[in-house]
Amino acid sequence: MKRFVTVFLSILAVSLISPHPAAAYLDPGSGSFLFQFLIAGLLGAGVALKVFWGRIKQVFTGKNDNDISGAGENE
Amino acid sequence: MTFQALVKMNSSAHPGSFRDPSGFLFFREGLLYRQINHEYSETYEHLIESGLYDKLVERHLLIPHEETSVQPATPETAYKIIVPEQVPYISYGYEWCFSQLKDAALATLTIQKLAMSHGMSLKDASVYNIQFHRNHPVLIDTLSFEKLPAGKPWVAYRQFCQHFLAPLALMSYRDVRLSSLLRLYIDGVPLDLASSLLPFRSRFSIPLLMHIHLHAKSQKRYASRHEPLEKKQRQISKRSLIGIIDSLTSAVSKLKWRPADTEWGDYYNATNYSQSALGEKGRYVADFLKTIEPKSVWDLGANTGLFSRIASDQEISTLAYDIDPAAVEINYLGCKERGEQNQLPLICDLTNPSPDQGWAHQERESLISRGPADVAMALALIHHLAISNNVPLSQAAKFLSRLCRHLIIEFVPKSDSQVKKLLTTREDVFPDYEQAAFERAFAEYFSQEEAVQIPGAERTLYRFANRNQDL
């Protein structure tokens, strides 16, 4: 939890500086591509936690709502 | 070139379908076809054989299609020709209310998750690839998929954030009218712009902090670097990709907007119509529609769709256009709740309707280009055009004659309390706004087929037929 708060506060601190308008001729695509590597670890860990929690729940309820097969329900 | 003109032509490539080398759309004898090129053959077969196509169609997330043996538009590159179920009307993200854009965003993410579970991924997450068909958001671009590239980030991540997340966040956190930024920016709202427009408190939402604010910073940082991406040998796991989709889903799901104070929200209660007069008006509208037997109806100034419903309940494909995002939101949520499939509520300012725009002015069509409708209804509308917006009656008649083959229009006289209200803060510079002048102005473009005085109201309902038979 302590680690999470540290990460969150660091992200928040960085975000407080407002972005300057990007020059029109620069391609934002590579930034979006590489940004996913930065957030992948954090979000992947979240999924792992959900799976772990799902397994614990399964032991007690027999149901697993957090299967990461990818066929999730968003509706 | 209008949509109707294209439909009439043979083998015309759709002007909005030119970016994708996998295939393209073309019209032939009134039907829309999609050519799949050889280079996409393997991916297309994977879509079908993996079961993803069936799964998506079963859940109303992808437009169903049939393979056909018609002559390809360009035989040298053609692998297969498919004929998708025809969508009667193409609408755009900047014409949708908050919940329509949100539902389209969630549909896109659900499709991506299902695709990943079948070894595929969306290579586009464009708002223009989703259409409301029978009031469900469906993906209309069957060629949007690619095989899931191992270890690579989601190629459509930026597009999803720009086309869906940024406008939804702006609508929710700042002002619902900011959906109009989608009209200005054809490839979605630039993230640096969204980041600067969003209030400071949006940074306390972790998904928005990540996918908009930090994402915008990352774009700026890497845009100015020139190191090739291949040098970075990092891989991204499938679990992390699912984490990104889940996080985007959480971001979109948490965004809310409720229509609170709106000048139109209680319009039906605020008019000078009694319940019985409202009922009478509805009966005349129903009679007129029965006489015309239209296939398509555009209700202009539909509010929350009370009169549009008279058409859509008769299985007529009906668009319910209104200028007020709150009225469109209420109508959309109502249609959804009641499972209505024939009415599509959309936002439109008739004094500045959607233009032809995009590449060569042809990618996205104007209101007029997507017509004409068999019937346009302009109920309790003309006084707003003529008095609130100073549009001369002759101009209103001319514009409406370009939209429809038949017109059901209500004339609201100056003695009507709603018109009196409009004139309280204006000088009455509308000496020509009276019934005889109205009839003269419309007679230039329409023939009058029927006119009825609505009992219990001072208003008259007209049924006009367009004099232009070629429309």
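Everything numeric here is computed off the predicted structure, so don't read it as measured data. (Residues numbered from 1 in each chain as written. Chains lettered and ligands numbered in written order. Predicted model: local features only at pLDDT ≥ 70, side-chain atom pairs only at ≥ 80, totals over all residues.)

Counting secondary structure elements, chain B contains 17 helices and 16 strands. A globule of 471 residues ought to have a C-alpha radius of gyration of about 23 Å, and chain B, at 24 Å, matches this closely. Taken along the three principal axes of its C-alpha coordinates, chain B extends 75 × 55 × 40 Å. The proportion of buried residues among the 471 residues of chain B is 47%. Taking the intrachain contacts of chain B between residues at least 6 apart in sequence as the baseline, contacts between residues at least 24 apart amount to 69%. (Helix = DSSP H or I, 4+ residues; strand = E, 2+ residues; numbered from the N terminus. Rg over C-alpha atoms; globule rule 2.2 N^0.38 Å. Buried ≥ 20, exposed ≤ 12 C-beta atoms within 10 Å, placed from the backbone. Contact = placed C-beta atoms within 7 Å.)

Before going further, it helps to examine the overall build of chain A. Broken down by element type, chain A carries two helices and zero strands. Burial status across chain A gives 21% buried among its 75 residues.

The next point concerns the domain arrangement of chain B. Residue and element names in this part refer to chain B. By domain assignment, chain B separates into domain 1 (3-84), domain 2 (93-254) and domain 3 (267-466). Each side of the interface is counted separately: domain 1 has 21 residues, and domain 2 has 18 residues. Within the residue set of the side of domain 1 that touches domain 2, elements represented by two or more residues are β3 (31-37), α2 (41-49), α3 (52-58) and β5 (78-84). (Domains from an automatic or database assignment.)

What follows deals with the nonpolar core. Residues and elements named next belong to chain B. Residues L165, A169, I212, A376 and A378 are the most contacted members of the largest nonpolar core, which totals 130 residues. Discounting chain neighbours no more than four positions away, the residues touching A376 are W298, L300, L400, L403, C404 and L407. By size, the runner-up hydrophobic cluster in this structure holds seven residues, among which are F24, L25, A73 and I81. (Core = buried A, V, L, I, M, F, W, Y, C linked by C-beta atoms within 7 Å.)

With their axes 8 Å apart at the nearest point, helix α2 (residues 29-61) of chain A and helix α8 (residues 206-223) of chain B run at an angle of 125° to one another. Between α2(A) and α8(B), the interaxial angle falls into the category oblique. Here the hand of the crossing between α2(A) and α8(B) comes out right-handed. Taking contact as the criterion, the partners of S30(A), G31(A), S32(A), L34(A), F35(A), L38(A) and I39(A) in α2(A) are, on α8(B), M210(B), H215(B), S218(B), Q219(B), K220(B), R221(B), Y222(B) and A223(B). Split by residue class, the contact of α2(A) with α8(B) holds seven nonpolar, six polar and two charged. (Axes fitted to C-alpha atoms, helices over the stretch in contact; angles between N-to-C directions. Parallel < 35°, antiparallel > 145°, perpendicular 65-115°, else oblique. Left-handed = near helix turned anticlockwise from the far one by under 90°. Nonpolar A, V, L, I, M, F, W, Y, C, P; charged D, E, K, R; others polar.)

All names here are of chain B. On average, residues of chain B score 91 in pLDDT, and 92% of them reach the 70 mark or higher. Note that residues 1-10 has pLDDT below 50 and, in this model, twelve contacts with residues that lie over four places away or in other chains. Predicted as a complex, the structure gets a pTM of 0.89 and an ipTM equal to 0.78. (pLDDT = per-residue confidence, 0-100.)

A separate point is the sheet that holds strand β10 (residues 296-300) of chain B. Residues and elements named next belong to chain B. As summarised here, the arrangement of the seven strands in space is β12-β11-β10-β13-β14-β16-β15, forming an open sheet in which the pairing is mixed. Among the strands making up the open sheet, the edge pair consists of β12 (343-347) and β15 (446-453). Adjacent strand axes in the sheet meet at a mean angle of 20°, parallel and antiparallel pairs treated alike. In this sheet, strand β16 (residues 460-466) lies alongside β15 in antiparallel orientation, the contact comprising seven bridges. Paired with V452 across the bridge in β16 is L461. Across the sheet, helix α17 (residues 435-443) lies against β14 (404-411), β15 and β16, angled at about 150° from β15, the strand it touches most. (Pairing = 2+ DSSP bridges.)

A separate point is unusual backbone geometry. Residues and elements named next belong to chain B. A cis amide bond links G371 with the next residue in sequence, P372, at an omega value of 0°. Mapped onto the elements of the fold, P372 is located in the loop between β12 and β13 (373-378). The backbone phi angle of A380 is positive, close to 50°, even though this residue is not glycine. By the secondary structure assignment, A380 is in the loop between β13 and α14 (382-388).

A word on the confidence of the model for chain A. In this model, chain A carries an average pLDDT of 66, and 47% of its residues clear a pLDDT of 70 or more. Low confidence marks residues 69-75 of chain A, where pLDDT is under 50. Its contacts with residues over four positions away, or in another chain, come to 16 contacts.

Once that is clear, we can look at the pairing of β5(B). Residues and elements named next belong to chain B. Pairing of β3 with β5 involves four bridges; the strand directions are antiparallel. Considered in β5, the bridge of R34 is made with I82. Across four bridges, the pairing between strand β4 (residues 65-68) and β5 is antiparallel. Residue E66 lies in a different strand from β5, and its bridge partner there is V83.

Below, the discussion takes up the pairing of strand β11 (residues 317-322) of chain B. All names here are of chain B. With six of six residues buried, β11 is to be regarded as a mostly interior element. Neither face of β11 is exposed, since S317, L319 and Y321 on one face and T318, A320 and D322 on the opposite face are all buried. Direction of pairing for β10 relative to β11: parallel, over a ladder of five bridges. When the sheet's bridge partners are listed, V297 is paired in β11 with T318. As defined by bridge partners, β11 adjoins β12 across five bridges and the pair is classed as parallel.

All names here are of chain A. Residue placement: I56 occurs in helix α2. What makes I56 exposed here is the crowd of 10 C-beta atoms within 10 Å. For I56 and G29, which are 27 residues apart along the polypeptide, the C-alpha to C-alpha distance reads 40 Å.

Each pair of packed helices can be summarised by the angle the axes make with each other and by the distance between the axes. Residues and elements named next belong to chain B. The interhelical angle for the contact between helix α5 (residues 157-173) and helix α9 (residues 238-254), taken along N-to-C directions, is 15°, at an axis separation of 11 Å. Comparing the axis directions of α5 and α9 gives the class roughly parallel. Relative to α9, the crossing made by α5 is left-handed. Residues Y157, F160, F164, L165 and L168 of α5 lie in contact with α9, whose contacting residues are I244, L248, A251 and V252.

Next up on the list: the environment of S205(B). Of note, S205(B) is situated in the loop between α7 (191-197) and α8. On a C-alpha basis, the gap between S205(B) and V127(B) in space is 23 Å, while along the polypeptide they are 78 residues apart.

A few words on the environment of S195(B). Residue and element names in this part refer to chain B. Along the chain, S195 falls in helix α7. Accessibility expressed as a C-beta count within 10 Å gives 26 for S195, which makes it buried. Residues S195 and L109, 86 residues apart in the sequence, show an inter-C-alpha distance of 22 Å.

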